[in-house]
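Chain by chain, the residues:
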Amino acid sequence: MNNDIRTIGVLTSGGDAPGMNAAIRAVVRVSAYHGVRVMGIKRGYNGLLHGEIEEMTSRSVSNTLQRGGTILQTARCLEFKEEENQRRAVEIAKVFGIDGIVVIGGDGSFRGAKALCEHGLPTIALPGTIDNDIDCSEYTVGYDTCLNTVKDAVDKIRDTAASHERCSVIEVMGRAAGYIAIQAGIACGADVILVPESKWSFDEDVLRPILESKSRGKKNSIIVVAEGIGGVIDMAKEIEEKTGIESRATILGHVQRGGSPTVRDRVVASEMGGLAVELLLEGKQNRIVCMKDHKITDVDIAEGLAMKKVLPHQLIELAKKLSV
Ligand code: ADP
Ligand code: F6P
């Protein structure tokens, strides 16, 4: 154990994700196990810049494991991108006695974590985002809960689409990545899945499968579109005009970010939060805890940020075969 670390700070930043509370809880409890104090920093990097920092005990995380969102609140803090403010944040952390910090968020938040480390505050980043778009990690906390929420919603939309013999075009989140769309689409038996990672054309990839289904007597279909492609309202109108099949668009929106985390998210978040603390106590810094080959491990922040995550081509191909 590295005796330099007596107090650990923890914050959540960027979009919230189900399981962030499980990660915070693990940071607090594993620290308590080692006799290390934890300071909770509110509203992402805002709380660090404005001193919104309070001690957390094992009791402050009771009854939080099953709750969606983040008990520390989260925010996007543009002023933290300025170097002067990053330096000021490190000074403020020192005033509160913080010797190391765990940042839970997406890759934007990780850039902030890297900056903190460069200015002298040991930092560990933990991937928490529904998008599953962190390059160095096979998995991000919140993804599984989000997929299950999308699955429930699309199953419900299918009930009404089938009853009315309609085509439903559904937009799911994911920022520039198509992970939510491809996995939820496969899980829901979507007829068409459009992701930004794969080239597509309206005539070939949307119209043709719907018309072919129609000629076989099938009138209802489900089209899942990643938000990186967007345009679902116009797409539904065009499908209706060109096929004669009544069509409706649904943008699932922020419902995808809420809800009680699944077992997978609770366990992965707990493992990642625990490892983040152990790494700081071993004197490590500037690391991202991540999943590699289904195991929780860690990688250098700069290396992790430089990696390029690729949406498995087999999934895109499989989705096409399954929709025949
Ligand atoms: P996410 O962490 O989910 O990717 P954002 O990209 O919105 O979300 O980033 C969250 C926050 O991380 C930003 O509001 C900002 O405070 C911080 N951040 C993002 N990019 C940088 C950067 N290049 N340098 C320092 N801080 C950053
Ligand atoms: O990164 C998580 C995410 O939900 C993305 O999927 C989406 O593009 C974005 O955040 C939405 O952000 P906001 O909450 O600011 O609307």
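The model shown is predicted, which means the values in this text are computed figures rather than measured ones.

Caption draft 1: Structural context of the side chain of Thr70. Mapped onto the elements, Thr70 comes out in the loop between strand E3 (53-56) and helix H3 (83-95). Within the structure, the side chain of Thr70 is placed 2.9 Å from the side chain of Thr12, a separation counted as a polar contact. A polar contact is formed between the side chain of Thr70 and the backbone nitrogen of Leu72, at a distance of 3.1 Å. Ignoring anything within four residues of it in the chain, the contact list for Thr70 reads Thr12, Asp16, Met20, Asn21 and Ile24.

Caption draft 2: Spatial organisation of the nonpolar core. Ranked by size, the top nonpolar core spans 63 residues in total, and within it Ile8, Val10, Ile24, Met56 and Ile180 carry the most contacts. Here this core gathers at least three residues from each of two domains, domain 1 (7-142 + 261-306) and domain 2 (145-257). Here Val10 is in contact with Ile24, Val27, Val38, Met39, Gly40, Ile41, Met56, Leu72, Ile101, Val102 and Ile104, once residues within four sequence places are set aside. Grouped together as the second largest cluster of nonpolar side chains are 28 residues, Ile53, Phe80, Ile101 and Ala113 included.

Caption draft 3: Here's a closer look at the site of ligand 1. Near ligand 1, the surroundings consist of 16 residues, among which Arg76, Cys77, Gly106, Gly108 and Ser109 are the closest. Here an oxygen atom of ligand 1 sits 2.7 Å away from a polar atom, N or O, in the main chain of Cys77. One of the side-chain nitrogen or oxygen atoms of Ser109 is found 2.5 Å away from an oxygen atom of ligand 1. Contact with the protein chains covers 84% of the free accessible surface of ligand 1, which is 560 Å².

Caption draft 4: A look at helix H9 (residues 263-281). The terminal C-alpha atoms of H9, which comprises 19 residues, lie 27 Å apart, in line with the 27 Å expected from a rise of 1.5 Å per residue. Of the positions making up H9, those classed as buried are Asp265, Val268, Ala269, Met272, Gly273, Gly274, Ala276, Val277, Leu279, Leu280 and Leu281. After H9 finishes, the residue Gly283 shows a positive phi value of roughly 85 degrees.

Caption draft 5: Representation of unusual backbone geometry in the model. In this model, Asn63 sits at a positive phi of 65 degrees, which is unusual for a non-glycine residue. Given the relative accessible area of 58%, Asn63 is considered exposed. If you check the backbone angles, Asn286 has positive phi at about 60 degrees while not being a glycine. Relative to the assigned elements, Asn286 resides in the loop between H9 and strand E10 (287-292).

Caption draft 6: Quick look at the site of ligand 2. In the vicinity of ligand 2, the contacting residues are Arg76, Thr129, Ile130, Asp131, Met173, Gly174, Arg175, Glu227, His254 and Arg257. Measuring from an oxygen atom of ligand 2, one finds a side-chain N or O atom of Arg76 at 2.7 Å. In the model, an oxygen atom of ligand 2 is placed 2.6 Å from a nitrogen or oxygen of the Asp131 side chain. Burial of ligand 2 by the protein amounts to 75% of the accessible area it has alone, namely 400 Å². A class-by-class count of the residues in the shell around ligand 2 yields 2 nonpolar, 3 polar and 5 charged.

Caption draft 7: View of the domain arrangement of the protein chain. Split into domains, the protein chain comes out as domain 1 (7-142 + 261-306) and domain 2 (145-257). The C-alpha-based centres of domain 1 and domain 2 are spaced at 35 Å. Between domain 1 and domain 2, the contact holds 12 residues from the first and 11 residues from the second. The contact between domain 1 and domain 2 buries some 1,000 Å² in all, and 50% of this surface belongs to carbon and sulfur atoms. Its salt-bridge partner being Arg257, residue Asp16 comes within 2.7 Å of it at the nearest N-O pair.

Conventions we followed
Residues numbered from 1 in each chain as written. Chains lettered and ligands numbered in written order. Predicted model: local features only at pLDDT ≥ 70, side-chain atom pairs only at ≥ 80, totals over all residues. Heavy atoms only, no water. Helix = DSSP H or I, 4+ residues; strand = E, 2+ residues; numbered from the N terminus. Polar contact = N/O pair within 3.5 Å; in protein donor to acceptor, adjacent residues only side chain to side chain. Contact = heavy atoms within 4.5 Å. Core = buried A, V, L, I, M, F, W, Y, C linked by side-chain atoms within 4.5 Å. Buried < 20%, exposed > 50% of the residue type's maximum accessible area, 1.4 Å probe, protein only. Domains from an automatic or database assignment. Near = heavy atom within 4 Å. Areas by Shrake-Rupley, 256 points an atom, 1.4 Å probe, with all protein chains shown as cover. Expected span 1.5 Å × (residues − 1). Nonpolar A, V, L, I, M, F, W, Y, C, P; charged D, E, K, R; others polar. Buried area = accessible area lost by both parts, 1.4 Å probe. Salt bridge = Lys/Arg side-chain N within 4 Å of Asp/Glu carboxyl O.

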